[in-house]
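Single-letter residue listing:
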Amino acid sequence: MTQTLAAFDNGMTARIGFFKDIGHALYTFDDDTILVKPAYYGQPDRHAVSISLGRPGDTSGYRLTGLHIGDWYLTGTVICTGYDFTPGPHPHTPTVNPLADITDPAARKDAADHLAQIASHFHSTLAPATKW
């Protein structure tokens, strides 16, 4: 596992553990841990990244915790697609969108921007090293 750090526009810094052989990365922000991975294996040209935010009591083996962004706490899974990596509901849970719980439009945009930046970082920096 390769380890590195990444700073994001909102001032948050992630400690990243990258599992090159399977193409998964654990992003840890303070006490929050999320899993980021390609949404489509074998198709590195597709701009799609899956972000598993986790939840308290996560049983995935990765000890995912959810993600605090400002006053909001996000859990569940999102898929970030397109050249701008717009986050939305994951195809496996199409009726659940973690961003929908954020009632403040500015906070929702900030959270979406942060998730998109995480996805973009993963896709441009880590995913090219994946053994597709």
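**Re unusual backbone geometry**
- Even without being a glycine, aspartate 30 presents a positive backbone phi close to 50°.
- With respect to the element layout, aspartate 30 can be found in the loop between strand S3 (24-29) and strand S4 (32-38).
- Under the relative-accessibility criterion, aspartate 30 is labelled exposed at 74%.
- Although it is not a glycine, arginine 63 adopts a positive phi angle of roughly 55°.
- Inspection of the secondary structure puts arginine 63 in the loop between strand S5 (48-54) and strand S6 (67-69).

**Thoughts on the nonpolar core**
- Counting 32 residues, the largest nonpolar core has Tyr27, Phe29, Ile34, Ile51, Leu67, Ile118 and Phe122 as the members making the most contacts within it.
- Going through the elements one at a time, strand S2 (13-19), S3, S4, S5, S6, strand S8 (76-81) and helix H1 (105-126) are the ones with two or more residues in this core.
- In terms of residue count, H1 provides more of this core than any other element does, nine residues in total.
- Not counting residues up to four positions away in its chain, the partners in contact with tyrosine 27 are Phe8, Ala14, Arg15, Ile16, Asp32, Thr33, Ile34, Val36, Ile118, His121, Phe122 and Leu126.

**Digging into the pairing of S3**
- Of all the six residues making up S3, six are buried; the element is thus mostly covered by neighbouring parts of the structure.
- Residues of S3 alternate between two faces, with His24, Leu26 and Thr28 on one and Ala25, Tyr27 and Phe29 on the opposite face, all of them buried.
- In this sheet, S3 lies alongside S2 in antiparallel orientation, the contact comprising five bridges. When the bridges of S3 are listed, glycine 17 appears paired with leucine 26.
- The hairpin formed by S2 and S3 contains four residues between the paired strands, and glycine 23 there has a positive phi angle of roughly 75°.
- Relative to S4, S3 runs antiparallel, the two being bridged by five bridges. Residue pairing for S4: phenylalanine 29 is matched across the bridge by aspartate 32.

**Regarding the pairing of S8**
- Direction of pairing for S5 relative to S8: antiparallel, over a ladder of six bridges. Bridging across to S8, isoleucine 51 finds its partner in valine 78.
- The pairing of S8 with strand S9 (residues 86-89) spans four bridges and is antiparallel. Across the sheet, the residue bridging to threonine 81 is threonine 86, located in S9.
- Where S8 folds back onto S9 in an antiparallel hairpin, the turn is made up of four residues, including glycine 82, whose phi is positive at roughly 85°.

**Overview of the packing of aromatic side chains**
- The full count for this structure, using the stated rule, is three aromatic pairs.
- Judged by centre distance (5.8 Å) and plane angle (50°), the ring pair of phenylalanine 8 and phenylalanine 29 falls under tilted. Of this pair, phenylalanine 8 sits in the loop between strand S1 (2-7) and S2 while phenylalanine 29 sits in strand S3; the two residues are 21 residues apart in sequence, bridging distant segments of the chain. Phenylalanine 29 carries the same exposure label as phenylalanine 8, and that label is buried.
- Relative to phenylalanine 122, the ring of phenylalanine 18 lies with its centre 6.5 Å away and its plane at 75°, an arrangement referred to as edge-to-face. With phenylalanine 18 in strand S2 and phenylalanine 122 in helix H1, the pair connects residues that are 104 residues apart, well separated along the chain.
- A residue is classified by how much of its surface remains accessible, and phenylalanine 18, at 5% relative accessible area, is buried.
- Judged by relative accessible area, phenylalanine 122 falls into the buried class, the value being 1%.

What counts, and where the lines are drawn
Note that residues are indexed from 1 along each chain, following the sequence as it is written. Local features in this predicted model are restricted to residues of pLDDT 70 or higher, and side-chain atom pairs are both shown and tallied only at a pLDDT of 80 or more, whereas totals for entire chains, interfaces and linings draw on every residue. As a convention, hydrogens and water are excluded, and side-chain values are obtained from all of the structure's heavy atoms. A run of DSSP states H or I qualifies as a helix once it reaches four residues; a run of E qualifies as a strand once it reaches two. Both are numbered from the N-terminal end. Only protein chains enter the calculation, and the probe is 1.4 Å; a residue is then buried if its accessible area is under 20% of its type maximum, exposed if over 50%, and partly exposed in between. By nonpolar core we mean a set of buried residues, namely Ala, Val, Leu, Ile, Met, Phe, Trp, Tyr and Cys, connected to one another through side-chain atoms within 4.5 Å. Two residues form a contact once any of their heavy atoms are found within 4.5 Å. Pairing between strands is defined by DSSP: at least two bridges between them are needed. Working definition: rings of Phe, Tyr and Trp (its six-membered ring) pair if their centres are within 6.5 Å, and the pair is stacked with planes under 30 degrees apart, edge-to-face with planes over 60 apart, and tilted otherwise.

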